[in-house]
Each structure stands twice: as structure tokens, then as C-alpha cells.
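Observations on chain architecture
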Amino acid sequence: MASLGTLRRALSHRNARIFFGASLTAWTGLWMHRIAVSWLAWELTESAFWVGVVAFCDLAPAVIFSPLAGAVADRADRLRMTMLSQAAIGLNAAVIALLVATGSMTIGVLLVLEVAGGIAASFAQPARQSLMPGLVPRTDLPAAVALNSLTFNVARFIGPALAAPLIAVAGVWPAVAVNALAYAVATATTPMLRVEESQRRGHAATASLFGEMVDGVRYAARHPGLGPILAFSAVGAVLLRGVQEILPPFVERIFGLGPGALAGLTAAFGVGALCAGLMVAARGQLAGTTRLAVLGVGALGLATAGFAATGSFAIGLVCAVLMGAAGSVHGISVQTLAQSASDPSMRGRVLSLWGLITRACPALGALLLGGAGEVFGLRWPTLVAVALSLLVVAWGMAILSRMQAALEGPQADAANR
């Protein structure tokens with residue numbers, strides 16, 4: 001199978017095995033944490049709005065901190081930055097677990113701690129992603145990017161499968177404690193990576209940190225391919241990704257089920273993403289990636305419409321698989337394009353903008369959908385968002401050829417050499 005050969009090639013490198021092994025461990029803990037905290041927020045408030053606020057507090061710090069973190073990642077030691085930010089995530093999870101276990105947790109305290117975790121994650125994302133070109137040869141970079149997404153989505157399957165019975169038997173805090181332990185393992189293995197000094201830093205500090213942050217935003221905005229594809233992704237994420245951030249209200253209000261169904265839906269997203277990721281990895285080429293990125297949002301919109309419209313949990317599971325698949329195709333494609341088309345000195349800052357999109361935009365979508373859901377119910381606001389997303393896809397198709405030329409053409413490859 002071509003996809004397996006592609007992935008084996010990426011994993012043939014020692015650095016990649018350590019990196020992705022640690023990633024699988026940490027992200028499995030992360031998905032257990034997300035399931036547990038989402039369900040905890042629902043138990044504390046029984047409000048779709050407050051579940052959305054908790055998701056917003058975890059993801060929204062990316063708006064402020066991701067551009068700054070990207071600038072830091074381009075001038076600091078990325079390996080050290082990865083280790084410190086992962087340690088902070090683990091410590092934050094340990095505090096949450098302790099407070100829940102002792103009965104001291106309130107919704108206000110949970111919001112504060114989720115903000116703290118979101119800040120740490122905003123620094124971890126560009127540092128980790130910027131290391132990837134130093135882990136494998138350039139020819140294996142597309143496979144490594146695909147493997148990175150696949151690892152995330154394998155964890156997205158394993159994490160909920162472990163979290164659901166653990167929460168049912170022992171409560172929320174053990175699932176969060178596992179996340180703390182997982183990030184401790186990831187932190188301990190990071191110093192084992194052997195990365196050349198040229199790949200550990202983008203460049204020496206030449207200007208103020210704020211100035212470099214602004215330069216990164218300006219570079220991406222003016223790039224004829226990166227600017228449009230990142231804007232396209234941002235709008236699509238606001239409109240469509242909020243559903244996956246506030247699943248507990250959907251589970252109880254639309255399907256009339258409990259935490260086991262929540263874990264099942266989250267795992268279904270992971271299964272779809274894993275299968276689609278294998279297919280994308282099997283391509284092994286940059287040509288056509290921009291088209292996949294645009295069409296992935298269209299497919300995500302249609303699958304989301306099916307998920308919101310049905311009252312059948314079985315159909316909802318099928319739609320969740322399709323949503324995971326479409327989101328994976330889009331995410332892998334955009335990340336591959338960002339890695340490939342970015343100037344090496346700007347890579348951390350560009351990837352921080354991608355991190356901002358993947359964290360802050362779903363958070364905003366969750367907040368808007370949760371608020372609208374309290375007034376109009378969850379179904380109709382979701383369907384309206386889907387309709388708007390299809391208009392965005394039409395815009396993406398209209399500018400597709402221009403984006404392809406900038407992101408997949410010879411000049412894009414030359415910029416990365």
C-alpha cells in the first residue's frame with residue numbers, strides 16, 4: 001500500500017520516531033483532557049453557552065499569543081521552547097485534576113485554567129511544527145506533515161476510547177491526570193531529538209520581537225498564495241469547526257445520550273481523519289494540494305449539515321466520520337502548503353498563524369454557536385453556518401488557479417530551498 005510505504009519512509013528516521021512517539025502520547029492525553037473538561041463544563045452548568053465558553057477559553061488565547069509565539073520560535077531555540085511549553089501544559093492539567101479530585105473546581109476557576117493551558121499550547125504549536133523540517137530530509141517532509149496529522153487523529157480515536165469508560169467509572173479527574181502524565185513523558189523525551197543548530201533557530205534576533213511578529217503577519221498577508229489560503233481556512237473554521245468543540249449539548253439535546261456517545265462521536269471524527277490522512281499521505285506530491293484544501297471545506301460543510309439535520313445517532317456517527325475525513329484532508333493540505341511555500345526564516349511565524357486559525361477560529365465558532373444554540377436551538381444556526389461556508393468554498397474555487405501558482409509552482413519550491 002503506497003500510503004504505508006510513505007509513512008514507513010518518514011518513520012525510518014530516528015528523530016521522527018521519537019518525535020511522533022511523544023506526540024502520540026501527549027495528544028492521546030490531550031483528547032482525554034478535552035473530553036473530560038467538556039463534560040465537566042456540561043455537568044457544572046448544563047448550558048451549551050458555557051460549554052462553548054470553556055472551549056473558547058482553551059483555544060482563543062491563540063489570537064493574542066500565536067503571532068508572538070511564532071516570532072519567538074523563529075529566533076529562540078525551538079527544541080527548548082517545545083520542552084518548556086509542553087511542561088507548562090502538563091503542569092496546568094495536573095492542577096485541574098487536583099482541583100476536581102478535591103471538589104474545589106468551579107466554572108470560573110476552570111475558565112482561568114483553560115486560558116492558561118491555551119496560552120501554553122499557543123507557544124508549543126509553532127515550536128513543534130517548525131522543528132519538523134529538521135527531523136527528516138526535505139523529500140520526506142510531505143510524508144512527515146501527513147504523519148503529524150495522522151498521529152493527532154490516531155490520538156483522537158484512542159483518547160476518547162480511554163476517556164469514556166474512565167470518566168464513567170472514576171469521574172473526570174483521572175482522565176485529566178493522564179494528560180498531565182502524558183505531557184510529562186513528552187517533555188522528558190524532547191531532549192533526545194538530534195536537530196542541527198540551523199534548524200533549531202530560524203535566524204538571529206535582528207529587530208524587536210513585536211516588529212518580527214508584524215513582519216510575519218505582513219509576509220503571510222502579502223504572499224499571493226499563503227494569504228488567501230489562510231484567510232479561506234480561517235473563515236471555514238469559524239463557520240464549521242464550532243460543532244466539534246461543543247459536542248456535549250448535541251449529544252444530550254439532539255441524540256438524548258450521555259458521555260459514552262460523546263466519546264463515540266469524537267472517536268468517529270478520529271477514524272475519518274485517520275482514513276483520509278492515509279489517502280493524502282499516499283499521494284506523495286504537492287501538485288493538486290491546493291484544490292484538496294478548498295474541496296475539503298466543501299465536503300466538511302455537507303457532512304456537518306447531515307450531522308445537524310439528523311436525529312439518528314447512527315447517521316450522526318457516519319456524518320462524524322465524514323466530517324473528520326474532510327477536516328483532515330483540508331488540514332493536512334494547508335499545513336503542507338504552509339511548510340513548503342514559506343521562507344525558512346518565516347516558517348515559525350507562518351505556522352503560528354496556522355495554529356491561530358486551528359485554535360482561535362473554532363473557539364470563536366463554538367462561542368457563536370453555543371450562544372445561538374441557547375436562543376434558536378443547535379440545528380438551525382449550524383445549517384445557516386453551513387450555507388455560508390459553501391459560499392466561501394465558491395470564492396475559493398474562483399481564486400484556485402492563482403493560489404495554486406503561488407503555492408505549488410516553481411517559485412514556491414525555490415523560496416524554501
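Residues numbered from 1 in each chain as written. Predicted model: local features only at pLDDT ≥ 70, side-chain atom pairs only at ≥ 80, totals over all residues. Heavy atoms only, no water.

**Some words on the pattern of salt bridges**
Where charged atoms of side chains with opposite charge meet at close range, the side chains can pair. We apply this condition: Salt bridge, as used here: a side-chain nitrogen of Lys or Arg that lies within 4 Å of a carboxyl oxygen of Asp or Glu. The helix and strand labels rest on DSSP assignments: H or I over at least four residues marks a helix, E over at least two residues marks a strand, and numbering proceeds from the N terminus. The buried label applies to any residue whose accessible area, calculated with a 1.4 Å probe on protein chains only, is under 20% of its type's maximum; exposed applies above 50%, and partly exposed to all values in between.
This model, assessed by the stated rule, comprises 2 salt bridges. Close ionic contact of Arg218 with Asp215 constitutes a salt bridge, the shortest N to O distance being 3.1 Å. You can see Arg218 and its partner Asp215 sitting in helix 10 (residues 209-222), 3 residues apart, about one turn around the helix. Judged by its relative accessible area of 32%, Asp215 is partly exposed.

**As for a nonpolar patch on the surface**
Worth spelling out the cut-off: Patch building starts from residues that exceed 30% relative accessible area and form no salt bridge, then joins like charges within 9 Å and nonpolar side chains (Val, Leu, Ile, Met, Phe, Trp, Tyr) within 5 Å. Note on areas: Shrake-Rupley, 1.4 Å probe, and residue coverage restricted to the protein chains presented here.
Side chains of Phe157, Ile158, Leu162, Val271 and Val321 sit close together on the surface and give an oily, nonpolar patch of about 350 Å² of accessible area. Per-element accounting of the nonpolar patch gives the leading share, 3 residues, to helix 7 (residues 141-170). Note that Phe157 resides in helix 7. On the accessibility criterion, Phe157 (40% relative accessible area) is partly exposed.

**A word on the packing of aromatic side chains**
Aromatic ring pairs are described here by two measures, namely the spacing of the ring centres and the angle between the planes. Put simply, the test is: Any two rings among Phe, Tyr and Trp, with Trp reduced to its six-membered ring, count as a pair given centres within 6.5 Å; such a pair is stacked if its planes are under 30 degrees apart, edge-to-face if over 60, and tilted if neither.
Enumeration over the complete set of coordinates arrives at 6 aromatic pairs. Summarising the aromatic geometry, the rings of Phe49 and Trp50 are spaced 5.6 Å apart at their centres and angled 70 degrees between planes, so their arrangement reads as edge-to-face. Looking at Phe49, the relative accessible area reads 33%, which means it is partly exposed. Take Trp50: its relative accessible area is 34%, and that puts it in the partly exposed class.

**A few points about helix 19 (residues 400-408)**
The criterion, for reference: Each C-beta atom gives one direction from the helix axis, and the arc is the one those directions make.
Considered for burial, the residues of helix 19 that qualify are Leu400, Met403, Ala406, Leu407 and Glu408. End-on, the buried residues of helix 19 take up no more than an arc of 165 degrees, which puts them together on one face. Turned more than 90 degrees away from the buried face of helix 19, the exposed residues are Ser401 and Arg402.

**Notes on the confidence of the model for the chain**
Test applied: On a scale of 0 to 100, pLDDT captures the predictor's confidence in every residue. Whether two residues are in contact is decided by their heavy atoms, any of which lying within 4.5 Å being enough.
Mean pLDDT for the chain: 83, with 92% of residues reaching 70 or above. Under a pLDDT of 50 for its full length, residues 413-417 has, in the predicted model, 11 contacts with residues more than four places off or in other chains.

**Let's talk about the nonpolar core**
Note the cut-off: We call a set of buried residues a nonpolar core when its members are Ala, Val, Leu, Ile, Met, Phe, Trp, Tyr or Cys and they connect through side-chain atoms within 4.5 Å of each other.
Within the largest apolar cluster, 78 residues are counted, with the highest numbers of intra-cluster contacts made by Val176, Ile229, Leu230, Phe250 and Phe307. Apart from residues no more than four positions distant in its own chain, Ile229 is found in contact with Thr290, Ala293, Val334, Met403 and Leu407. Of all hydrophobic cores here, the second largest spans 17 residues; its members include Val136, Ala143, Ala144 and Leu193.

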